[in-house]
Amino acid sequence: MQMKRKPKFGQNFLVDDAARHAIVDALGDISKRTVIEIGPGHGAITEILAGRCRRLIALELDRALAAELTFRFRGQPQVQIIEGDILKADLRALVPESETADVIGNLPYYITSEILLQLFAAGSAGLIDRAVLMMQREVADRVSAAPGVRDYGLLSATAQMNADVDSLFTLPPAAFSPPPDVYSTVLRLQFAPRFAELGVDAAGFNNFLKQCFAQKRKTLQNNLRAAGYSVEELSAAWPASMPAQARAESLALEPMAELYRTLLRTGVLPSGAVTAQ
Ligand code: SAM
């Protein structure tokens, strides 16, 4: 049996013409915007963006592809191709002072979570406004899942603390060359961090969420006990409105934040940092 080789750098290039237009359309009016494209590849989306936005910065890890695009867009000063790793890029340095940028990308799927975390940090720092991102369907389903449904978990809670998420459309493997093994879904994220509104500090609450979702089959109390909190402390601080057997997967962000605030107030969690593992 012949083994199918995974393309390097997650290179599955979009070849569906309607899809590449639909992805760019999802950013809305970008005529006055700076847009950062992650992984332009052979330029399927880049070509459309270049004609629509005020300024385009495209970051490509593959040296040969970056060179190909630099040559192709040489006569278009609004387009800047950077050869580099998005995860090492300093987005603050790319976004013009006192502006925000939009982000777009048919993501390299092997680093989707890392890119999302980087974008959430950039959203919190006020650097980016919205993002249109294509990712593996299963991951997109987790990012956009509502509490109580099967796919809801740490990734959903973290994403939804940072952005309003819209799931736009799904593409079959045949939309790409070479075709990946999975379906792909395009999400739109409007960055709108909720930490201040919910009265929690970002670092502490993000860490608390990791503890709450540590093991899917455990109740929230058991996950927190495994993270080092005593039964007595937890039951003294437990909000009356929250069932003792609740699982993190069933709770909306508001009661999770309420629990965190109560635990902080009653001194069960150290202020500003939840470090117990
Ligand atoms: N945008 C193109 C398209 O839609 O056809 C290519 C998409 S392909 C799924 C992902 C692209 O991301 C590839 O061109 C790959 O070389 C690039 N890439 C992979 N890892 C990267 C990284 N760490 N930083 C920047 N680009 C990366």
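This text goes with the structure placed above it.
Residues numbered from 1 in each chain as written. Predicted model: local features only at pLDDT ≥ 70, side-chain atom pairs only at ≥ 80, totals over all residues. Heavy atoms only, no water.

A. Here's a closer look at helix α11 (residues 253-265). The end-to-end C-alpha distance of α11, which contains 13 residues, comes to 18 Å, matching closely the 18 Å that a straight helix rising 1.5 Å per residue would cover. Residues of α11 that are buried include every one of L253, M256, A257, L259, Y260, T262 and L263, and no others. Count one or two residues on from α11 and you reach G267, which has phi positive near 80°. (Helix = DSSP H or I, 4+ residues; strand = E, 2+ residues; numbered from the N terminus. Expected span 1.5 Å × (residues − 1). Buried < 20%, exposed > 50% of the residue type's maximum accessible area, 1.4 Å probe, protein only.)

B. The arrangement of unusual backbone geometry in detail. Here the residue pair S177 and P178 is connected by a cis peptide bond, since its omega of -10° sits within 30 degrees of zero. Phi is positive for F9, close to 55°, though the residue is something other than glycine. By secondary structure assignment, the location of F9 is in the segment before β1 (13-14). Although it is not a glycine, S98 sits at a positive phi angle of roughly 55°. Looking at the secondary structure, you find S98 in the loop between α4 (91-94) and β5 (101-106). Exposure remark for S98: the relative accessible area of 78% places this residue in the exposed category.

C. Expanded view of the pairing of β5. Counting buried residues along β5, six of its six residues qualify, which places the element largely inside the surrounding structure. A two-sided burial pattern is seen for β5, the buried positions comprising A101, V103 and G105 on one face and D102, I104 and N106 on the other. Bridge analysis of strand β2 (residues 34-38) against β5 gives four bridges, and the strand direction is parallel. Bridge pairing in β5 links E37 to I104. As paired strands, β5 and strand β6 (residues 128-136) are joined by five bridges and run parallel to one another. Counted as the bridge partner of V103 is A131 from β6. Each parallel crossover has a hand, and the one from β5 via helix α5 (residues 112-124) to β6 is right-handed. (Pairing = 2+ DSSP bridges. Right-handed = clockwise from strand over helix to strand, strands pointing away.)

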